[in-house]
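Observations on the model geometry
These are the residues of each chain, in order.
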Amino acid sequence: MQLTQTLLLTILAASGIVCHKHQKTKKFETEYEWTYINFTWKSETDYQNAINTKTYIPENNAISGFKFYKDSFYFALPRICSGTPVTLAYFSTKNTTPKTGPLLIPFPDWKTNDVNNPSCDKLVNVQSLEIDANGVMWVLDATRQTPSKCPPKLVLYDLNNKGKTVHTYIFPDDVCLHNGGFLNDIVIDDSDGTFAYIPDTSFIDPGLVVYSKTKNRAWKLRDASMFPEIKAAGFVVNGDVINPLYPIDGIALSPKVSSGSRRVYYSALTGVRLYSINTKLLKNETVFSGDAWRRNVKYVGAKRAQSDGMVMDNAGVLYYGLLPLDAIEKWNTNERLKKAEVVYQNYKTMIWPDSFCFDNRGNVYVLADEIYKLILTKCVFNSSQNYVKYRIFKSFTGTQSYLYTAK
């Protein structure tokens, strides 16, 4: 029944009927927007040289994930196409930052992002990041869907110590394939030791990766709940049909509590079914030698439509996009999923809500992008299309991220 409803809503959204219903909602306002992503180059000569050598192809640069810490936004820019000189960047909001086309600053510097002189100690292809409550940024340099001599890795930078690298972990091939792995997103759990939970959106070996910083070791869960749903394929976003069968993608962690375990929520991108699993189980590597653990995977319910990224605040409210509906939905996890509500919808601007984050002032942000077009067109993007492709929206919630103690 839910899939039938989703299909109907997808058709209505594609025709613009559903979108107008929520068009007057103003809870999410555009904060920043870009037609093309550009950077603070060392000099005009360097910029012109990058254009001439096609080291920088403006239309091939895209943002896949972002987080906020103190006064700055930090961005993951995956190297899906050629001509992407920077894969990790930031900008500060302290100065008078333009709302349209703010330039991104390579993080931690140009040298670490250098594609002309590649080495495995540099950043190869960053897909996502998270910043913990202590100001340490956890960076997933771990997308290896095309052959690379460099293994996937997790790099930790201390933002309170001039971005110093404080730890690097190389994922073994049996956890994340060195040719075909796609560590897509990350949430951090600093209760009872420090752990990270990471969905591997690999077409070959999808699953949920657990990393223990204390043990400096990672392991992986594989379950049918992490596979794509065949019937959920072929949904429409802004007139484009999304046919690929994407497995587990979105992930969220319930808020920090003074005692007891938390729950990880996840969903396949090609799917509407939402699942959860107890973190106490995830932290016990020995449990996964058998099959009994799968009885602890909880089916939460069916979302209104397919979604990509998601995030939870410290009040236990889950935010996620509804891709074919150009909308944002929120769900109080203390209630049934059927009570989830669409809080914003705009068929002109909220195209592919992809990534979420919170600041320290009670605001939630969402990145809406057209990164999927680069994948569908295999990087043959029409450079003459001078329109806004990337937007950051803001809405006041009065809450913080899941990293902080539950309200």
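These notes cover the structure that comes with them. (Residues numbered from 1 in each chain as written. Predicted model: local features only at pLDDT ≥ 70, side-chain atom pairs only at ≥ 80, totals over all residues. Heavy atoms only, no water.)

Moving on, we get to the pairing of strand E23 (residues 317–322). Where burial is concerned, most of E23 is hidden: 6 out of the 6 residues are buried. As defined by bridge partners, strand E22 (residues 310–312) adjoins E23 across 3 bridges and the pair is classed as antiparallel. Pairing of Val 311 across the sheet is with Tyr 319, part of E23. Taking the residues that link successive antiparallel strands as the turn, the E22-E23 hairpin has 4 residues, and the phi of Gly 316 there is positive, at about 80°. In this sheet, strand E24 (residues 327–332) lies alongside E23 in antiparallel orientation, the contact comprising 6 bridges. In the sheet register, Tyr 320 faces E24, and the bridge partner there is Glu 329. Between the end of E23 and the start of E24, which pair antiparallel, lie 4 residues, with Asp 326 showing a positive phi angle near 50°. (Buried < 20%, exposed > 50% of the residue type's maximum accessible area, 1.4 Å probe, protein only. Helix = DSSP H or I, 4+ residues; strand = E, 2+ residues; numbered from the N terminus. Pairing = 2+ DSSP bridges.)

Phe 171, Tyr 197, Leu 208, Leu 221 and Ile 277 are the most contacted members of the largest nonpolar core, which totals 55 residues. Those residues within four positions of Leu 221 in sequence are excluded, and the remaining contacts are Gly 207, Leu 208, Val 210, Met 226, Ile 277, Leu 282, Phe 288 and Trp 293. Tyr 32, Trp 34, Phe 68 and Tyr 365 belong to the second largest nonpolar core, which has 27 residues in total. (Core = buried A, V, L, I, M, F, W, Y, C linked by side-chain atoms within 4.5 Å. Contact = heavy atoms within 4.5 Å.)

What follows concerns the sheet that holds strand E5 (residues 105–106). Within the open sheet, the 4 strands sit side by side as E2-E3-E4-E5. Their pairing is antiparallel. Each edge of the open sheet carries a strand with a single partner, namely strand E2 (65–69) and E5. Pairing of E2 with strand E3 (residues 72–76), which is carried by 5 bridges, proceeds in the antiparallel orientation. Within E3, the residue paired with Phe 66 across the bridge is Phe 75.

For the structure shown, the criterion picks out 17 salt bridges. The shortest N-O distance in the salt bridge between Asp 141 and Arg 144 comes to 3.3 Å. You'll find Asp 141 and Arg 144 in the same group, each marked buried. The salt bridge involving Arg 217 is made with Glu 285; its shortest N-O contact spans 2.7 Å. Residue Arg 217 is located in strand E15 (residues 217–221), and its partner Glu 285 is located in the loop between helix H4 (279–282) and strand E21 (298–302); the two are separated by 68 residues in the primary sequence. With a relative accessible area of 43%, Arg 217 lands in the partly exposed category. If you follow the salt bridges from partner to partner, you end up with Asp 200, Asp 205, Lys 220 and Arg 222 in one network. (Salt bridge = Lys/Arg side-chain N within 4 Å of Asp/Glu carboxyl O.)

This paragraph deals with the sheet that holds strand E20 (residues 273–278). The strand order across the open sheet built from 4 strands is E18-E19-E20-E21, with neighbouring strands paired in antiparallel fashion. Two strands in the sheet have a free side with no partner beyond their single neighbour: strand E18 (248–253) and E21. Sheet twist, expressed as the mean angle between neighbouring strand axes with direction ignored, is 25°. Relative to E21, E20 is paired through 4 bridges, and the arrangement is antiparallel. In the sheet register, Ser 276 faces E21, and the bridge partner there is Lys 298. (Axes fitted to C-alpha atoms, helices over the stretch in contact; angles between N-to-C directions.)

Its location among the elements puts Val 209 in strand E14 (residues 207–212). For Val 209, a relative accessible area of 0% corresponds to the buried category. Along the primary structure Val 209 and Lys 220 are separated by 11 residues, whereas in three dimensions their C-alpha atoms are 4.4 Å apart. Aside from chain neighbours lying at most four places away, what touches Val 209 is Phe 171, Val 175, Leu 183, Ala 196, Tyr 197, Ile 198, Asp 200, Ala 218, Trp 219 and Lys 220.

Below, the discussion takes up the pairing of strand E27 (residues 363–368). Most of E27 sits inside the fold, with 6 of its 6 residues counted as buried. Side chains of E27 alternate between two faces, with Asn 363, Tyr 365 and Leu 367 and Val 364, Val 366 and Ala 368 buried alike. Here 5 bridges tie strand E26 (residues 353–358) to E27, and the two strands are oriented antiparallel to one another. Among the inter-strand pairings, Cys 357 is bridged to a residue of E27, identified as Tyr 365. In textbook terms, the turn of a hairpin is the stretch between consecutive antiparallel strands, and for E26 and E27 this stretch comprises 4 residues, one of which, Gly 362, has a positive phi near 90°. Strand direction decides the pairing type here: E27 and strand E28 (residues 390–396), joined by 6 bridges, are antiparallel. Across the sheet, residue Asn 363 finds its bridge partner in E28, namely Phe 396.

By the definition in use, this model includes 2 disulfides. With a sulfur-sulfur separation of 2.0 Å, Cys 81 is cross-linked through a disulfide to Cys 379. The sign of the -85° torsion about the S-S bond sets the Cys 81-Cys 379 disulfide as left-handed. Of this pair, Cys 81 sits in the loop between E3 and strand E4 (88–92) while Cys 379 sits in the loop between helix H5 (371–376) and E28; the two residues are 298 residues apart in sequence, bridging distant segments of the chain. Cys 81 sits in the buried class, given a relative accessible area of 7%. Of the residues examined, Cys 379 reaches a relative accessible area of 25% and is grouped as partly exposed. Paired by a disulfide, Cys 120 and Cys 150 hold their sulfur atoms 2.2 Å apart. Linking Cys 120 and Cys 150, the disulfide has an S-S dihedral of approximately -90° and is accordingly described as left-handed. (Disulfide = S-S within 2.5 Å.)

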